[in-house]
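So the chains spell out like this:
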Amino acid sequence: MAVDQLLAITEEVGTALAERRPVVALESSLVTHAPSVDAALAIEKAVRDGGAVPATIGILDGRLLVGLDADQIERLRTTAGVPKVSARDIGPVLAGGGPGATTVAGTIVIAERAGIPVFATAGIGGVHRRAQQTFDISPDLLQFTRTRITVVCGGAKSILDARLTAEYLETAGVPVLGHGTDRLPGFYARATEVPVRRVDDVRQAARAVLAHWEVNGGGTVLLTTPVAEEDALDAEVIETAIVRALAEADAAGVTGNAVSPFLMKAVSRVTEGRTAKAGRSLLLSTARLAGELSVALSALAGNEQQAGTRVAAQHAGARPADEQAAGEWR
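The following refers to the structure shown. (Residues numbered from 1 in each chain as written. Predicted model: local features only at pLDDT ≥ 70, side-chain atom pairs only at ≥ 80, totals over all residues. Heavy atoms only, no water.)

## Points about the overall build of the chain
Logical step 1: When its secondary structure is counted, the chain shows 13 helices and 11 strands.
Logical step 2: Once the C-alpha set of the chain is aligned to its principal axes, its extents read approximately 85 × 45 × 35 Å.
Logical step 3: Classification of the 330 residues of the chain by burial places 47% in the buried group.
Logical step 4: Summarising the internal contacts of the chain: among those between residues at least 6 apart in sequence, 73% fall at separations of at least 24.
Logical step 5: For the chain, the accessible surface area stands at approximately 16,200 Å², while carbon and sulfur atoms represent 51% of it.
Logical step 6: Charge centroids of the chain, computed over 32 positive and 38 negative side chains, lie 1 Å from each other. (Helix = DSSP H or I, 4+ residues; strand = E, 2+ residues; numbered from the N terminus. Buried < 20%, exposed > 50% of the residue type's maximum accessible area, 1.4 Å probe, protein only. Contact = heavy atoms within 4.5 Å. Areas by Shrake-Rupley, 256 points an atom, 1.4 Å probe, with all protein chains shown as cover. Lys, Arg positive; Asp, Glu negative; His and termini not counted. Charge placed at Lys NZ, Arg CZ, Asp CG, Glu CD.)

Quick look at the structure:
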């Protein structure tokens, strides 16, 4: 198989992929905001706790890095002006030699290229409030229609329009599953009013993912999970804060890319900073669930491969390899 010169895959991740063991991709845009390397490594540990190998993805020195070590994480975290890299930004950042911290859309492009089928994040981008006037829609949603991967998340970020985001995903043919819930999680809040298809265990979710890929030839499947109850914020409090902050943004002339951070600061202020705890909780829980899902996918894919080998052998007029080894020739 030809070597992909753009990819720089760590030995641990490369070995796991070669042996078809579970691997979970993580975005590096979170690294640039982490208070320390330990915070970023805690997310990787959560993936390991779920049974998979973590692969934090980023761009350094003109290469797509799949699996960052502690020194590389520290370099991204402490270098001033590291840009966030969405799917459209990968080419220019690579050409410039980097560095770059990948967002949801950027990470899943690279993860698919490396052969990683699962990605974990706290919250995805989506359709922004007032998108009917601004046309402000996250590139994450469009990339989901182009990339064969499973995204484990806590829903769309709270400052977005959950219902419009769900409508976009439905139109785009992106399945949205709820792990143990029949309502779309609300990022900081445990639930929105948007219904989703419930799955009660990761094996059921893994079967749904593989069936979707088999029938549709690819595409993204979203597996959503609510933030832990003890860390969740009140949905009404969040909504009230956002509506008020939107009015304040209008009065202050805040527009474009400045609106989202303005809203996020408003919610953090109203909740007395509890958004940070909720966000961290969600990062860890989605990372662990993604690890468990990756394990289930690997197991099911392995079983299907074994079954396919047996069928092929029988159609060729030969006995399956395990029967041959057992000396069952008659």
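## Remarks on the side chain of serine 28
Logical step 1: Along the polypeptide, serine 28 turns up in the loop between strand S2 (23-27) and helix H2 (37-49).
Logical step 2: Judged by its relative accessible area of 0%, serine 28 is buried.
Logical step 3: Ignoring any residue separated from it by four or fewer positions in sequence, one finds serine 28 in contact with Thr56, Ile57, Gly58, Leu68, Leu76, Gly100, Ala101, Thr102 and Thr107.

## As for the environment of leucine 297
Logical step 1: In this structure, leucine 297 sits in helix H12 (residues 274-315).
Logical step 2: Taking relative accessible area as the criterion, leucine 297 reaches 4% and is therefore assigned buried.
Logical step 3: Sequence spacing of leucine 297 and proline 54 is 243 residues, and the spatial spacing of their C-alpha atoms is 15 Å.

## Here we look at the pairing of strand S9 (residues 176-179)
Logical step 1: Sheet analysis places S9 next to strand S11 (residues 220-224), joined by 3 bridges and oriented parallel. Within S11, the position partnered with leucine 177 by the bridge is leucine 223. (Pairing = 2+ DSSP bridges.)

## Quick word on the pattern of salt bridges
Logical step 1: One pass over the full model with this rule turns up 13 salt bridges.
Logical step 2: Among the ionic pairs, arginine 88 bridges to aspartate 89, the shortest N-O distance being 3.4 Å.
Logical step 3: A residue is classified by how much of its surface remains accessible, and arginine 88, at 73% relative accessible area, is exposed. (Salt bridge = Lys/Arg side-chain N within 4 Å of Asp/Glu carboxyl O.)

## Side note on the side chain of threonine 121
Logical step 1: Take threonine 121: it is sitting in the loop between strand S7 (118-120) and helix H6 (131-134).
Logical step 2: The buried category is assigned to threonine 121, whose relative accessible area is 2%.
Logical step 3: There is a polar contact of 2.4 Å between the side chain of threonine 121 and the side chain of glutamate 27.
Logical step 4: With residues near it in sequence (within four places) discarded, threonine 121 still touches Glu27, Val104, Val151, Val152, Cys153, Gly154 and Thr286. (Polar contact = N/O pair within 3.5 Å; in protein donor to acceptor, adjacent residues only side chain to side chain.)

## Focus on unusual backbone geometry
Logical step 1: In this model, glycine 98 is joined to proline 99 through a cis peptide bond whose omega is 0 degrees.
Logical step 2: Mapped onto the elements of the fold, proline 99 is located in the loop between helix H4 (90-95) and strand S6 (100-102).
Logical step 3: One non-glycine residue with positive phi stands out, namely aspartate 61, at about 55 degrees.
Logical step 4: Take aspartate 61: its relative accessible area is 55%, and that puts it in the exposed class.
Logical step 5: Here the phi dihedral of arginine 130 falls at roughly 70 degrees; this positive angle occurs in a residue that is not glycine.
Logical step 6: Note that arginine 130 resides in the loop between S7 and H6.
Logical step 7: The class of arginine 130 is partly exposed, set by a relative accessible area of 36%.

## Digging into helix H5 (residues 104-114)
Logical step 1: Within H5, 8 of the 11 residues are buried, leaving the element largely enclosed by the surrounding structure.
Logical step 2: Those residues of H5 that fall on the buried side of the exposure criterion are Val104, Ala105, Gly106, Thr107, Ile108, Ile110, Ala111 and Ala114.
Logical step 3: Note on H5: the residue one or two positions beyond its end, glycine 115, has a positive phi of about 90 degrees.

## A word on the nonpolar core
Logical step 1: Core analysis: the biggest nonpolar cluster contains 88 residues, and Val66, Phe144 and Val151 have the highest contact counts within it.
Logical step 2: Here this core takes 10 residues from H12, the largest share from any one element.
Logical step 3: In this structure valine 151 touches Ile108, Phe119, Thr121, Ile124, Phe144, Thr220, Val221, Leu222 and Leu223, once residues within four positions along its chain are discounted.
Logical step 4: In this structure, Val31, Val37, Leu60 and Leu65 belong to the second largest nonpolar core, which totals 10 residues. (Core = buried A, V, L, I, M, F, W, Y, C linked by side-chain atoms within 4.5 Å.)

## A look at the packing of aromatic side chains
Logical step 1: Throughout the structure, instances matching the rule amount to 1 aromatic pair.
Logical step 2: An angle of 50 degrees between the planes, with centres 4.6 Å apart, marks the rings of phenylalanine 187 and tyrosine 188 as tilted.
Logical step 3: For tyrosine 188, a relative accessible area of 13% puts it in the buried group. (Phe/Tyr/Trp six-rings, centres within 6.5 Å; stacked < 30°, edge-to-face > 60°.)

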